[in-house]
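The chain contents come next:
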Amino acid sequence: MAAPHLLRTDDWWRDAVIYQVYPRSFADGDGDGTGDLAGVRARLPYLAELGVDAVWFTPWYLSPLVDGGYDVADYRTIDPAFGTLAEAEKLIAEARELGIRVIVDIVPNHVSDQHAWFRAALEAGPGSPERELFHFRPGCGENGELPPNTWPSQFSGQTWTRVADGEWYLHLFTPEQPDLNWAHRAVRAEHESILRFWFERGVAGVRIDSAALLAKDPALADFTEGVDPHPYIDQDELHDIYRSWRAIADEYDGVFVGEVWLPDTERFARYLRPDELHTAFNFNFLACPWAADRLRRTIDDTLAEHAPVGAPATWVLCNHDVTRTVTRYGREDTGFDFATKAFATPTDLGLGTRRARAAAMLTLALPGSVYLYQGEELGLPEADIPRDRIQDPMHARSGGTDPGRDGCRVPLPWNAEAPSYGFGSTSEPWLPQPRDWSRYAVDRQRADPGSMLALYHEALRQRRTAEGFGDGPLTWLPAGDGVLAFTRGHGLMCVVNLSDEPAALPAYGELILSSGPLDAEGRLPRDTAVWLRSPAPGRTAIEVTGGNSVIMPLPGGEPLP
Ligand code: GLC
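Let us now look at the overall build of the chain. Looking only at helices and strands, the chain features 14 helices and 20 strands. Split into buried and exposed, the 561 residues of the chain put 58% on the buried side. Of all intrachain contacts in the chain linking residues separated by at least 6 positions in sequence, the fraction that spans at least 24 positions is 66%. Entry remark: accessible area of the chain is about 21,900 Å², with carbon and sulfur atoms responsible for 51%. When the 51 basic and 82 acidic side-chain charges of the chain are each reduced to a single mean position, those positions are 3 Å apart.

So, in structure tokens, the structure goes:
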């Protein structure tokens, strides 16, 4: 096993590689079919060997798991399905020993309907101080039988639910996720205390769920499509909340990454001002189709929007909410949009995998930090979940038209021959694994130098040890139609061919890594990426035969080692 890399103490988050663990599906330590902290602890060496700087855990707190843990009943307790607080503390310490920081997920917009506050609010009745922590209102219509307003849900379906005494409460997601009232002092104080609780336990950062949704128009005025400002997205009050959070994070050297889905780049960048969040997920890049002009524009816009606030960009290809990358890139529509997710879309997984390999190298060469979602390094495709096994509420709330997000949340395959592919000791994990997944298993891929895992492993090693990666400038190089080519300083170049023809490469001295072999003429085939180092003194252009690179000494120069 590779030696663990040292824990970096500089602004590590500016160019970190952060691996997202969905605990329910990562590794099952106690064999009950659900992933857990024991499973993660046992697999920490895998993450160290992969070479990631940090791990972000999606919520592991006490939860009825109606929305996969994004319905939190108690932030200071680990859900018994996952383990205990003592285990989480051990995990944080053990990860740190291996050079890996831990990022936890905080869900400030809402809590579970099983949270003590909401239960008390239901009990206390209309007009009570307990209800002020949420958005309770009388209904409209003659007898209050209509919801208080027309706000659209983030999950399709209703945003209001009526309780027995006739009042309605607001939930932008499911009825089991009542929205908190962020105009209330106690809501702010409680979250400040939660942040301290986790920073005190040694976490290095916090992901902020639905970060642009917390503040609501106090009048709860009806929503009209296209009218600005939106009554609950990106309200100005949010910035004050995040400034107070930043002051807390600074006490602990902690960092934030916000889940901010805002297509308006100027509004997005406001969250990244120096006294607010350190970083936010780049969803415009995640949703971008596999097309050179679109990607280039997204990269340029991303860098331009981050530059004035001095924040590093993040690069994300997938997460627990979206279609797996190899599947998305193997479809006719290679972009991502929640609105157009459908069952049984024709997919060419070979093509998608090829593109995903190239996209991984593109992403890892861009300036800023990179998020990897568990299984991305294995090239896992989106799984087809039988309808009667789908648990994600997005499916049911769409009336069964949206396949939901379970297809990207299937338990990981570790061992090709073991029950549940080594996810746990039982063959019945909480979501069914496709029959042909042994080929994606970690042990198979470890033994195959051409595997997706081998590519990620080598790409992360190079990114960590070679010069020019991470934070810093990016300069585009002249390139043909459909080809992206840029330099990163220290002679590092990245070329990605998204055209239909092989592309000639610029002069270079060293081929660092390619996502697939070059052709016989040394050209870059379609849907392939390569990292090059421009010729250094003492080196001349490379000679390439059948994908193998040979570095030639200059005439009269010393042969290179
Ligand atoms: C975020 C999470 C998603 C969750 C939602 C509600 O978008 O990533 O998984 O369902 O928030 O908390």
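With that settled, consider the packing of aromatic side chains. Counted according to the given criterion, the structure contains 33 aromatic pairs. Note on Phe155 and Phe173: the rings are 4.9 Å apart at their centroids and 85° apart in plane angle, and the pair reads as edge-to-face. Of the two residues, Phe155 sits in the loop between β6 (136-137) and β7 (160-162) while Phe173 sits in the loop between β8 (168-170) and α5 (185-200), which places them 18 residues apart along the sequence. Residue classification places Phe173 among the buried positions, given a relative accessible area of 9%. Members of the aromatic cluster, each reached through a chain of ring pairs, are Trp56, Trp261, Phe281, Phe283, Phe336, Phe338 and Tyr371. The lysine or arginine in question, Arg131, covers the ring of Phe136, its NZ or CZ lying 4.3 Å from the ring centre. It is Arg387 that lies over the ring of Phe343; its NZ or CZ is 3.8 Å from the centre.

Turning next to the pattern of salt bridges. The final tally for this structure, using the stated rule, is 33 salt bridges. A salt bridge links Arg405 to Asp392; the nearest nitrogen and oxygen atoms lie 2.7 Å apart. Within this pair, whereas Arg405 is found in the loop between α12 (393-397) and α13 (442-446), its partner Asp392 is found in the loop between β13 (369-373) and α12, the two being separated by 13 residues in sequence. The same class applies to Arg405 and to Asp392, which are both buried. Taken together, the shared-partner salt bridges connect Asp67, Asp321, Asp392, Arg405 and Arg409 into one network.

What follows covers helix α9 (residues 292-306). In this model α9 runs 21 Å from its N-terminal to its C-terminal C-alpha over 15 residues, within 8% of the 21 Å that 1.5 Å per residue would give. The elements touched by buried residues of α9 are α7 (265-270), α8 (283-287), β12 (314-316), α11 (349-365), β14 (475-476) and β15 (483-487).

Turning our eyes to something else, we now look at the site of the ligand. Neighbouring the ligand are 14 residues, the closest being Asp67, His110, Asp209, Glu259 and Asp321. In this structure, an oxygen atom belonging to the ligand sits 2.5 Å away from a side-chain N or O atom of Asp321. Within the contact set of the ligand, an oxygen atom lies 3.0 Å away from a side-chain nitrogen or oxygen of Arg405. Protein coverage of the free-state accessible area of the ligand, which is 310 Å², stands at 95%.

This brings us to the packing of α5 against helix α6 (residues 238-252). Packing of α5 against α6 brings their axes to within 10 Å, and their N-to-C directions diverge by 25°. Here α6 runs roughly parallel to α5, going by the angle between their axes. Along this stretch, α5 crosses α6, giving a crossing that reads as right-handed. Residues Arg188, His191, Glu192, Leu195, Arg196, Phe199 and Glu200 of α5 lie in contact with α6, whose contacting residues are Asp240, Ile241, Ser244, Trp245, Ile248, Ala249, Glu251 and Tyr252. Considered class by class, the residues forming the contact of α5 with α6 number seven nonpolar, two polar and six charged.

Once that is clear, we can look at the sheet that holds β7. What links the strands of a sheet is backbone hydrogen bonding, and the strands pair in either a parallel or an antiparallel sense. Pairing in this open sheet of three strands is antiparallel, and the strands run β6-β8-β7 from one edge to the other. Every other strand in the sheet has two partners, leaving β6 and β7 as the edge strands with one partner each.

Along the chain, Ala418 falls in the loop between α12 and α13. Put simply, Ala418 and Gly522 are 104 residues apart on the chain and 42 Å apart in space, counted from C-alpha to C-alpha.

Spatial strand order, β14-β15-β16-β18-β17: five strands in an open sheet with antiparallel pairing. Where the open sheet ends on each side, the last strands, each with one partner, are β14 and β17 (510-514). Bridge count between strand β16 (residues 492-497) and strand β18 (residues 528-533): six bridges; the pairing is antiparallel. Note that in β18 the partner of Asn497 across the bridge is Thr528. In the packing of α9 onto the sheet, contacts are made with β14 and β15, and the angle to β15 comes to roughly 35°.

Conventions used here
Residues numbered from 1 in each chain as written. Predicted model: local features only at pLDDT ≥ 70, side-chain atom pairs only at ≥ 80, totals over all residues. Heavy atoms only, no water. Helix = DSSP H or I, 4+ residues; strand = E, 2+ residues; numbered from the N terminus. Buried < 20%, exposed > 50% of the residue type's maximum accessible area, 1.4 Å probe, protein only. Contact = heavy atoms within 4.5 Å. Areas by Shrake-Rupley, 256 points an atom, 1.4 Å probe, with all protein chains shown as cover. Lys, Arg positive; Asp, Glu negative; His and termini not counted. Charge placed at Lys NZ, Arg CZ, Asp CG, Glu CD. Phe/Tyr/Trp six-rings, centres within 6.5 Å; stacked < 30°, edge-to-face > 60°. Lys NZ or Arg CZ within 6 Å of the ring centre and 35° of its normal. Salt bridge = Lys/Arg side-chain N within 4 Å of Asp/Glu carboxyl O. Expected span 1.5 Å × (residues − 1). Near = heavy atom within 4 Å. Polar contact = N/O pair within 3.5 Å; in protein donor to acceptor, adjacent residues only side chain to side chain. Axes fitted to C-alpha atoms, helices over the stretch in contact; angles between N-to-C directions. Parallel < 35°, antiparallel > 145°, perpendicular 65-115°, else oblique. Left-handed = near helix turned anticlockwise from the far one by under 90°. Nonpolar A, V, L, I, M, F, W, Y, C, P; charged D, E, K, R; others polar. Pairing = 2+ DSSP bridges.

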